[in-house]
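If you want the building blocks of each chain, they are given just below.
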Amino acid sequence: MMMGMKGRNGCYYLSVMLVYGVFFLHCLVMTSFAGNVTYDHRALVIDGKRRVLISGSIHYPRSTPDMWPDLIQKSKDGGLDVIETYVFWNIHEPVRNKYDFEGRNDLINFVKLVGKAGLYAHIRIGPYVCAEWNYGGFPLWLHFIPGIEFRTDNEPFKAEMKRFTAKIVDMIKQENLYASQGGPVILSQIENEYGNGGIESSYGPRAKPYVNWAASMATSLDTGVPWVMCQQPDAPPPIINTCNGFYCDQFKTNSDKTPKMWTENWTGWFLSFGGAVPYRPVEDIAFAVARFFQRGGTFQNYYMYHGGTNFGRTTGGPFIATSYDYDAPLDEYGLIRQPKWGHLKDLHKAIKLCEAAMVATDPTITSLGSNTEASVYKTGSQCAAFLANFGTQSDASVSFNGNSYHLPPWSVSILPDCKNVALNTAKINSVSTISKFVTHSSEADASGGSLSGWTSINEPAGISSDNALTKTGLMEQINTTADKSDYLWYSLSVNVKNDEPFLQDGSETALHVESLGHVLHTFVNGKLSGSGKGNSGNSKVSIEIPVTLVPGKNKIDLLSVTVGLQNYGAFFDLKGAGITGPVQLKGFKNGSTIDLSSKQWTYQVGLKGEESGLSNGGSSLWKSQSALPTNQPLIWYKANFDAPAGDTPLSMDFTGMGKGEAWVNGQSIGRFWPTYSAPNGGCTGSCNYRGSYNSNKCLKNCGKPSQLLYHVPRSWLKSSGNVLVLFEEMGGNPTKLSFATREIQSVCSRVSEAHPLPIDMWDLEDDARKKAGPTLSLECPHPDKVISSIKFASFGTPQGTCGSFSHGRCRSNHALSVVKKACIGSKRCNLGVSINVFGDPCIGVTKSLAVEASCT
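These figures come from a predicted structure and were not determined experimentally.

Engineer: Talk me through the overall build of the protein; I want residue IDs and the actual numbers.
Structural biologist: The helix and strand inventory of the protein stands at 15 helices and 47 strands. Relative to its full complement of 856 residues, the protein shows a buried share of 59%. About 32300 Å² of surface is accessible on the protein, with carbon and sulfur atoms providing 49% of the total. Distance between charge centres in the protein, computed from 77 positive and 73 negative side chains, equals 4 Å.

Engineer: Help me get a handle on the state of the cysteines, residues and values and all.
Structural biologist: Applying the stated rule across the entire model yields eight disulfides. Shown here is the disulfide that connects Cys 683 with Cys 702, its sulfur atoms set 1.9 Å apart. Because the torsion about its S-S bond is 85 degrees, the bridge between Cys 683 and Cys 702 counts as right-handed. With Cys 683 in the loop between β39 (667-672) and β40 (699-700) and Cys 702 in the loop between β40 and β41 (709-711), the pair connects residues that are 19 residues apart, well separated along the chain. Here Cys 687 engages in a disulfide with Cys 698; their sulfurs sit 1.8 Å apart. Remark: Cys 698 occurs in the loop between β39 and β40 and Cys 687 occurs in the loop between β39 and β40; sequence separation between them is eleven residues. Look at Cys 687 and you get buried, because its relative accessible area is 17%.

Engineer: Describe the sheet that holds β39, and please don't skip the residues or the numbers.
Structural biologist: Strand order across the open sheet formed by five strands is β24-β36-β42-β38-β39, with antiparallel pairing between neighbours. Unpaired on one side and paired on the other, β24 (452-458) and β39 mark the two borders of the sheet. Taking the axes of each pair of neighbouring strands and ignoring which way they run, one obtains an average angle of 15 degrees across the sheet. Of the strand pairs in this sheet, strand β38 (residues 660-664) and strand β42 (residues 722-728) are connected by five bridges, and their pairing is antiparallel. Paired with Val 664 across the bridge in β42 is Leu 724.

Engineer: Report on helix α14 (residues 815-823), specifying residues and quantitative values.
Structural biologist: All of the buried residues in α14 are Ala 815, Val 819 and Cys 823. Taken down its axis, α14 places every buried residue within 35 degrees of arc, on the same side. Buried-residue contacts for α14 involve β44 (775-779), β45 (787-796), β46 (828-832), α15 (835-838) and β47 (848-855). One or two residues past the end of α14 sits Gly 825, with phi positive at roughly 90 degrees.

Engineer: Let's hear about the pairing of strand β20 (residues 403-407): which residues, and what values?
Structural biologist: Pairing between strand β19 (residues 396-400) and β20: five bridges, direction antiparallel. Note on β20: the bridge partner recorded for Ala 396 is Leu 407. In sequence, β19 turns back onto β20 through a hairpin of two residues, with Asn 401 there showing a positive phi of about 55 degrees.

Engineer: Can you tell me about the packing of helix α8 (residues 282-294) against helix α9 (residues 340-353), naming the residues and giving the values?
Structural biologist: Contact geometry of α8 with α9 gives a least axis separation of 10 Å together with a crossing angle of 20 degrees. Considering the angle they form, α8 stands roughly parallel to α9. Classified by chirality, the crossing of α9 by α8 is right-handed. Only Lys 340, His 343, Leu 344, Leu 347 and Ile 351 of α9 make contact with α8, whose side of the interface consists of Val 282, Ile 285, Ala 286, Val 289, Ala 290 and Phe 293. Partitioning the contact of α8 with α9 into residue classes produces nine nonpolar, one polar and one charged.

Engineer: Run through the packing of helix α2 (residues 68-77) against helix α4 (residues 107-116), naming residues and quoting values.
Structural biologist: Contact geometry of α2 with α4 gives a least axis separation of 10 Å together with a crossing angle of 40 degrees. Classified by chirality, the crossing of α4 by α2 is right-handed. In this structure, α2 contributes Trp 68, Pro 69 and Ile 72 to the contact, and α4 contributes Asn 109, Phe 110, Leu 113 and Val 114. Split into classes, the residues belonging to the contact of α2 with α4 amount to six nonpolar, one polar and no charged.

Engineer: Lay out the pattern of salt bridges in plain terms, naming residues and giving numbers.
Structural biologist: Between side chains of opposite charge, a pair can form as their charged atoms come close. On inspection of all chains with the given rule, the structure shows 35 salt bridges. Between Lys 112 and Glu 175 there is a salt bridge whose closest N-O contact spans 2.9 Å. Of this pair, Lys 112 sits in helix α4 while Glu 175 sits in the loop between α5 (155-174) and β9 (185-190); the two residues are 63 residues apart in sequence, bridging distant segments of the chain. A residue is classified by how much of its surface remains accessible, and Glu 175, at 36% relative accessible area, is partly exposed. As a salt-bridge pair, Asp 557 and Lys 555 come within 3.4 Å of each other at their nearest N and O atoms. By relative accessible area, Asp 557 is classed as buried at 0%. Shared partners join several salt bridges into a network, and the residues in it are Glu 93, Arg 96, Glu 160 and Arg 163.

Engineer: Can you lay out the nonpolar core for me, pointing to particular residues and giving the numbers?
Structural biologist: Of all hydrophobic cores here, the largest spans 138 residues; its most connected members are Phe 138, Leu 142, Ile 186, Phe 293, Tyr 302, Leu 347 and Ile 414. With nine residues, the single largest contributor to this core is α8. Once you skip the residues sitting within four places of it in the chain, Tyr 302 turns out to touch Ile 54, Ser 55, Gly 56, Ser 57, Leu 80, Asn 265, Thr 267, Ile 285, Val 289, Leu 344, Leu 347 and His 348. The next biggest cluster of nonpolar side chains, apart from the first, holds 47 residues, and it includes Tyr 487, Trp 489, Phe 523 and Leu 726.

Engineer: Can you break down unusual backbone geometry residue by residue, with the values?
Structural biologist: That bond from Tyr 303 to Met 304 is cis: its omega, 0 degrees, falls within 30 degrees of zero. One can find Met 304 in strand β14 (residues 299-306). Note the cis peptide between Gly 317 and Pro 318, where omega equals 5 degrees. Relative to the helices and strands, Pro 318 resides in the loop between β15 (316-317) and α9. In this model, Glu 191 sits at a positive phi of 55 degrees, which is unusual for a non-glycine residue.

Engineer: So what's going on with the sheet that holds strand β26 (residues 487-496)? Residues and values would help.
Structural biologist: In spatial order, the strands read β25-β35-β26-β31-β28-β29; together these six strands make up an open sheet with antiparallel pairing. Only two strands of the sheet have a single neighbouring strand rather than two, namely β25 (469-472) and β29 (527-533). Averaged over neighbouring strand pairs, the angle between their axes works out to 25 degrees when direction is ignored. Pairing between β26 and strand β35 (residues 600-605): four bridges, direction antiparallel. Bridge pairing in β35 links Trp 489 to Gln 604.

Engineer: Give a detailed account of the packing of aromatic side chains, specifying residues and quantitative values.
Structural biologist: Two measures describe an aromatic ring pair: the distance that separates the ring centres and the angle between the ring planes. Scanning the entire structure with this criterion turns up 55 aromatic pairs. Here the aromatic rings of Phe 157 and Tyr 210 are separated by 6.1 Å at their centres, their planes lie at 55 degrees, and the arrangement is tilted. Separated by 53 residues along the polypeptide, Phe 157 in helix α5 and Tyr 210 in helix α7 (residues 207-220) bring together distant segments of the chain. For the pair formed by Phe 157 and Tyr 210, the shared burial category is buried. Consider the rings of Phe 654 and Tyr 710, whose centres lie 5.0 Å apart with planes at 70 degrees: the pair is edge-to-face. Within this pair, whereas Phe 654 is found in the loop between β37 (650-653) and β38, its partner Tyr 710 is found in strand β41, the two being separated by 56 residues in sequence. Under the relative-accessibility criterion, Phe 654 is labelled buried at 0%. The residue whose ring lies beneath Arg 151 is Tyr 128, and the NZ or CZ to ring-centre distance is 3.7 Å.

Conventions we followed
- Residues numbered from 1 in each chain as written.
- Predicted model: local features only at pLDDT ≥ 70, side-chain atom pairs only at ≥ 80, totals over all residues.
- Heavy atoms only, no water.
- Helix = DSSP H or I, 4+ residues; strand = E, 2+ residues; numbered from the N terminus.
- Buried < 20%, exposed > 50% of the residue type's maximum accessible area, 1.4 Å probe, protein only.
- Areas by Shrake-Rupley, 256 points an atom, 1.4 Å probe, with all protein chains shown as cover.
- Lys, Arg positive; Asp, Glu negative; His and termini not counted.
- Charge placed at Lys NZ, Arg CZ, Asp CG, Glu CD.
- Disulfide = S-S within 2.5 Å.
- Pairing = 2+ DSSP bridges.
- Axes fitted to C-alpha atoms, helices over the stretch in contact; angles between N-to-C directions.
- Arc of directions from axis to C-beta.
- Contact = heavy atoms within 4.5 Å.
- Parallel < 35°, antiparallel > 145°, perpendicular 65-115°, else oblique.
- Left-handed = near helix turned anticlockwise from the far one by under 90°.
- Nonpolar A, V, L, I, M, F, W, Y, C, P; charged D, E, K, R; others polar.
- Salt bridge = Lys/Arg side-chain N within 4 Å of Asp/Glu carboxyl O.
- Core = buried A, V, L, I, M, F, W, Y, C linked by side-chain atoms within 4.5 Å.
- Phe/Tyr/Trp six-rings, centres within 6.5 Å; stacked < 30°, edge-to-face > 60°.
- Lys NZ or Arg CZ within 6 Å of the ring centre and 35° of its normal.

So far we have only geometry, and geometry alone does not tell us how the molecule works.
Written out as structure tokens, the structure reads:
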């Protein structure tokens, strides 16, 4: 459609794709890293030039090194300038003074890849990170240093914090990765959300000296780049205080010398076992971003841009799920999520068109009427404007600079020239996609992925290790295990005489157990008698279950299980777990009770299978049986499989399993818990983006398992001879496991006559822009596929969303044939949303074109 159109700069644009090519080639050629990064009240200043910067969080250990280049490139293609990551102390120093920077932990390689792609990096050292990460990123050995108190004016803690922070800074310096050395790192962060929600005040008079010390310590490391503290209103100069939240347009810096920066714009929310799946509409995210830049912001970061996976035992919470998808623009597997990625990409382009005007001056903000306002950046020949309707109910028509503009509720229009609308945050030009994971039978087939050769090993109930310890009374779990394992056995024997009231005719016995959490399984005389679990809101477990005792010796074994350690809040490091009592035997009929809490208990840290290294699959103890034992607690399973065919991201469907952990070729894909389902209520069929978002506003998957699918990285697989090991603690049937790959079912778009032109057409001359008009574009996401069928097409007043479009009362009879002719057989097609193309089925009504297509 665009062939031969002349641009404002005199260039001829052969096609939209050529515009993309020229744009990104230009970025690649022109990007050079800074020698000097400073700031003033407006923005970060890189080599003497103020910058508007779009950033996105990608946490290197939540993906695999083979995924990093693609994630970084997709971030760049999406319009990011900066990649932001935390540094995770506990994976880098699991044992004091013994470091690990290999594989997924290779921070330096990750930063180098960011620089290679021509992007900047923001390194949030912390070293407290929160991040729904186990123990907030602190290593557990830190807890056992004599006299230590975390995150306060405490000498042992400060010494360790400084030592680790200095090590990370030195590593970055040694590789010349700071911008002051010609590298990509333009920012660092010390501490994290310490000033949030009363946390700082909880530490009393020693909190402020700690904040000042942390700031002084960080700046003394001489990185040559600015340091930030997020959510820290009392951050001392020269530290920049930044904002975290769903909205930061109203954020005020604590100094008139620092820029307005947003370090965490939450693109969704984290998933908890037992919770529904949160999501955040892209219209609301775009509104929040535009409002932030409208009101003087110049640095904005998406948390997360790619969430990834909590492999192994890295989840915090407790009860954080293994998936850390976060409804991010790049999903857990690194695939583009549409329309979120595409609409934000368009938003970034619109904002960057305003950059020259934005960095030149502060905005002038004026009211345009009820719930509407204009922000203008104007100096000399530069002029850019943002028009906002922050009302939630009604459209608004506003007058600005002598022109009339229509603003849907909860939206911002961006005018890079103070005249023409480049983008409205509520009007999406990007495609949408519908995809689902398609499971593949675990039975043998030519495509691979069949699980075969099942063997098993029973995990003994109770004490099986020579390293068990005996102590009077109940011991808190984390202080006992040092988090070496999720599991701690509490075991004792109870002798019951024939004349005990528990054994009298008609009498019943109950075992009552109180635990700080997180999961509890009770075994009496070797048999599972009951279980209990906490939740993300209350990790404590209280159970009272009927048990059968026999005359003589009775063995009581309690298995306490953690599901990630606390990662947030004042004194979070002191939040305990495990059975603290009381533990009682109760006789229901006669009211008699025996308190076992102060008896002599025997403790075992971890499982026998863990001690034996069963997760690697190499033990000689595995045994094959004619019938694989299923639906029994405390059992290890092993199977072999060939890598499923193809190169698309792979997951495993854990339908049929209970709870445990899984390993592929010795690497943990994380905890699985498909039997923990979300409550039935709280979800809606659709979520209204209008109005303030919170983590419970938009939920899906109610009444269903919180997580069924678990990421199996392709890079962990061999073509054949792969080994899957499972530990099942509750009972399940592993033969029901299957692999799944994501397949795109539909590609959709819906554009109205009132939509702005695609942002890529901005450089066209005015006449050409008017001639082009709103345009619907469809494109197959996979480079080797073309549009093969049109499932739906309607021009008029179509209803519904992608996958459920329907015709409205007004519809053109020509829409389907026009769309088929333009799109079938092409990878990409463009259609003018105009009565000149489709005719006018209803005069005087604003019409839309809605299309759903499939690609093969």
